[in-house]
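These are the residues of each chain, in order.
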Amino acid sequence: MAAIPPILLVGMGKMGGAMIAGWRERGLAASVAVDPMRPAAPGPEVIVVASADEIPAGFKPAAVVLAVKPQNAAETLPLHARFGGSAVFLSIMAGKNLAGMAGLLGAGAAIVRAMPNTPAAVRQGITVACAGPGVTPAQKQLCDDLLAAIGKVAWVEDEGLIDPVTAVSGGGPAYVFLLAELLEKAAIEQGIPADLARLMARQTVSGSGALLAASTEDAAQLRVNVTSPKGTTERALAVLMEQAAWPDAISRAIAAATARSRELAG
Ligand SMILES: NC(=O)c1ccc[n+]([C@@H]2O[C@H](COP(=O)([O-])OP(=O)(O)OC[C@H]3O[C@@H](n4cnc5c(N)ncnc54)[C@H](OP(=O)(O)O)[C@@H]3O)[C@@H](O)[C@H]2O)c1
């Protein structure tokens, strides 16, 4: 028996595509994906259709995964409300809160709101999820299984925490990629050929991530391990760790993103 029961995936873009690939690795029962672009089916167990009207009659998903852009929610969600009798809705849409989705799916709908991130594409994501009222333990477990297929999963009771989660881990990969960009640029400024600068920056960021993942030590200790007294790294960190530099900049960036997530809520 497939580990993942029948799923209706609504929106097979970057995130939806990554999720369905993860489910297939775990064994996915016959499922349907809806996307107007009608991308190629990821495998024989998935039928891809262009609109809600084309979903085969009688298809009974255990979960409806909402992976469209938030701006498409108002037109899209009501088209799938009819599955609410038996299915749990799992939304990964940024800024769409449980109350707003219940307004589009029906007051009795069982809805889980989750915030993943793009390392989901290599099954290294982190998703933080919050279950709405009426979600049964079995439905919550199913959503956990669906999200665990793309990385780590954590649950919060307080939906308000999804705004800072969006700021920290939802957008976090962008900040790490910015670091890779800036390291590459600074290397070129110091005379390193562009190809080598790119290789060094990429491998430093990805290798440090792998070390962090493999280590039981805190990030702070791993940093100290690179920092010899009076050495070169210490000189660089003196610039980066000035209060107005990274400590304040990162705090302000996360606060700004959290505030923006609250503004978008609805
Ligand atoms: N990317 C991230 O870092 C990230 C992180 C966390 C959460 N999210 C959330 O994940 C969701 C998907 O993001 P994404 O980056 O995967 O976006 P995406 O690549 O644009 O994927 C969305 C897909 O949904 C399709 N679509 C539009 N209207 C539809 C409809 N009525 N029915 C079915 N499919 C429809 C889009 O087709 P068209 O291109 O034709 O519109 C597109 O293929 C968003 O809500 C976003 O907030 C994204």
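Everything numeric here is computed off the predicted structure, so don't read it as measured data. Residue indices follow the written sequence of each chain, beginning from 1 at its first position. This being a predicted model, a pLDDT of at least 70 is required before a residue's local features are given, and a value of 80 or more before pairs of side-chain atoms are given or counted; all residues contribute to the totals for chains, interfaces and linings. In computing side-chain values, all of the structure's heavy atoms are included and hydrogens and water are not.

### Structural notes on the pairing of strand S5 (residues 88–91)
- Covered by surrounding structure in S5 are Val88 and Leu90 together with Phe89 and Ser91, the residues of both alternating faces.
- Two strands pair under a simple rule: DSSP has to find at least two bridges between them. Put simply, DSSP marks the helices as runs of H or I at least four residues long and the strands as runs of E at least two long, and each gets a number from the N terminus on. Bridge count between strand S4 (residues 63–66) and S5: 4 bridges; the pairing is parallel. By the bridge assignment, Val65 is partnered in S5 with Leu90.
- Bridge count for S5 against strand S6 (residues 111–115) is 3 bridges, and the pairing is parallel. Looking at S6, one finds that Phe89 is bridged to Ile111.
- For the handedness criterion, the β-α-β arrangement of S5, helix H3 (residues 98–105) and S6 is classed as right-handed. Partly exposed residues are those whose accessible area sits between 20% and 50% of the maximum for their type, while under 20% is buried and over 50% is exposed, using a 1.4 Å probe and protein chains only. Crossovers are described as right-handed under a simple rule: with the strands pointing away from the observer, the path leading from the first strand over the helix to the second runs clockwise.

### Regarding the nonpolar core
- In this text, buried Ala, Val, Leu, Ile, Met, Phe, Trp, Tyr and Cys residues form a nonpolar core when linked through side-chain atoms within 4.5 Å. Ranked by internal contacts, the top residues of the largest apolar core, which has 30 residues, are Trp23, Leu90 and Leu146.
- Sorting the residues of this core by element identifies strand S1 (7–10), helix H1 (14–26), strand S3 (46–49), S4, S5, S6 and helix H4 (137–148) as the ones contributing at least two each.
- If you look at the next biggest cluster of nonpolar residues, it comprises 27 residues, including Val32, Leu98, Ile111 and Met115.

### A look at the site of the ligand
- Residues in close proximity to the ligand total 21 residues, the closest being Lys14, Met15, Asp35, Val68 and Ala94.
- In the analysis that follows, any N or O atom pair within 3.5 Å is treated as a polar contact, provided that within protein one partner can donate a hydrogen and the other can accept it, and provided that, for residues neighboring in sequence, both atoms belong to side chains. The contact in question runs from an oxygen atom of the ligand to an N or O atom on the backbone of Lys14, over 2.9 Å.
- At a separation of 2.9 Å, an oxygen atom of the ligand approaches a polar backbone atom of Ala94.
- Relative to its unbound accessible area of 890 Å², the ligand is 79% covered by the protein chains.
- When its residues are assigned to classes, the shell around the ligand shows 13 nonpolar, 5 polar and 3 charged. Definition of nearness: a residue and a molecule or strand are near each other if at least one heavy atom of the residue lies within 4 Å of the molecule or strand. Only the protein chains shown count as cover for residues, and the accessible areas themselves come from Shrake-Rupley with a 1.4 Å probe. Only Asp, Glu, Lys and Arg are considered charged, only Ala, Val, Leu, Ile, Met, Phe, Trp, Tyr, Cys and Pro nonpolar, and every remaining residue, Gly among them, polar.

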